[in-house]
Amino acid sequence: MSAPVWERSLEVRTAAETHALAAALGAVLETGDLLILTGELGAGKTTFTQGLGEGLGVRSGIISPTFVLVRIHPNLPEGPRPGGPDLVHVDAYRLESAAEIDDIDLENTMDSAVTVVEWGRDRVEHLSDSRLEVELHRTRGGAGGLPAAEQAEPADPATHASVLDFDTDDDDEPRTVVIRGFGPRWAEPPALPGRLPETLPQTPERNS
Ligand SMILES: Nc1ncnc2c1ncn2[C@@H]1O[C@H](COP(=O)(O)OP(=O)(O)O)[C@@H](O)[C@H]1O
Ligand SMILES: [Mg+2]
């Protein structure tokens, strides 16, 4: 299943907009859905996942799962979707072989959760016959001024972790979010805001 059924490209201007877009998507996701997030370090994969978690109504505290490969965020009875899916959040960056991926047993939780895999491309497609791919790109030249596609992936996991710890990128910047649907579950694209409202929550230092 190499060709997407559809593709949508959206522009977001701030981290809050990325979060809001993902929350709108999270509100329509169902148990068994698989999302694969792609984008260089700091592109906003974890920010997007936090928004998904809000839309799904799962327990908060979503962080980059770099040291714990998998985190399960249970659905909250007092949230917007009581009884809805949990969120399984995976960082597949260090998972190299199919065997390592099988070891974390994602099949087992797919029955009760939405599964979101950062760095999941070419690693977890076998988990489902349908998936959403979400690609986040810096719209202007990001770190180093290179287009997103030309930015090298970090050389090793230690580098990966230390870059994440060193928070270099708090300022809001535009991102392009490309969402592609694959497989029968995504015969129709989800209803997403075409243009995000101007009234999204803004961070205090926004006009720095
Ligand atoms: N438009 C935007 N969308 C998402 N994050 C943004 C945006 N603008 C700035 N940021 C910042 O970029 C960083 C993204 O970090 P994170 O979500 O952890 O990325 P990743 O998981 O892809 O490495 C955060 O500090 C966030 O505040
Ligand atoms: Mg991350």
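Here the structure is shown first, and the text comes after it.
Figured I'd write up the structure that's included with this text. What you are looking at is a predicted structure, and each value in this text was computed from that prediction instead of being measured. (Residues numbered from 1 in each chain as written. Chains lettered and ligands numbered in written order. Predicted model: local features only at pLDDT ≥ 70, side-chain atom pairs only at ≥ 80, totals over all residues.)

**Re the overall build of the protein chain**
In step 1: When helices and strands are tallied, the protein chain shows five helices and seven strands.
In step 2: Here the analysis covers contacts within the protein chain between residues at least 6 apart in sequence; of these, 76% occur between residues at least 24 apart. (Helix = DSSP H or I, 4+ residues; strand = E, 2+ residues; numbered from the N terminus. Contact = placed C-beta atoms within 7 Å.)

**Considering the site of ligand 1**
In step 1: What surrounds ligand 1 is a group of 20 residues, the closest being Thr18, Gly44, Lys45, Thr46 and Thr47.
In step 2: At the level of secondary structure, the elements contributing two or more residues to the shell around ligand 1 comprise helix H1 (15-26) and helix H2 (45-56).
In step 3: At three residues, the largest contribution of residues to the shell around ligand 1 is made by H2.
In step 4: Tallied by class, the residues present in the shell around ligand 1 amount to five nonpolar, eight polar and seven charged. (Near = placed C-beta within 6 Å. Nonpolar A, V, L, I, M, F, W, Y, C, P; charged D, E, K, R; others polar.)

**A short note on the sheet that holds strand E6 (residues 131-138)**
In step 1: The mixed open sheet is built from seven strands, whose spatial order is E1-E7-E6-E2-E5-E4-E3. Each end of this open sheet is capped by a strand with a single partner; those strands are strand E1 (6-12) and strand E3 (70-73). Recorded for the sheet is a direction-independent mean angle of 20° between the axes of neighbouring strands.
In step 2: The pairing of strand E2 (residues 34-38) with E6 spans four bridges and is classified as parallel. Of the residues in E6, the one forming a bridge with Ile36 is Glu133.
In step 3: Strands E1 and strand E7 (175-182) of the sheet are contacted by H1, whose axis makes an angle of about 145° with E1.
In step 4: Relative to strand E5 (residues 113-118), H2 is tilted by about 170°, and along the sheet it contacts E2, E3, strand E4 (86-91), E5 and E6. (Pairing = 2+ DSSP bridges. Axes fitted to C-alpha atoms, helices over the stretch in contact; angles between N-to-C directions.)

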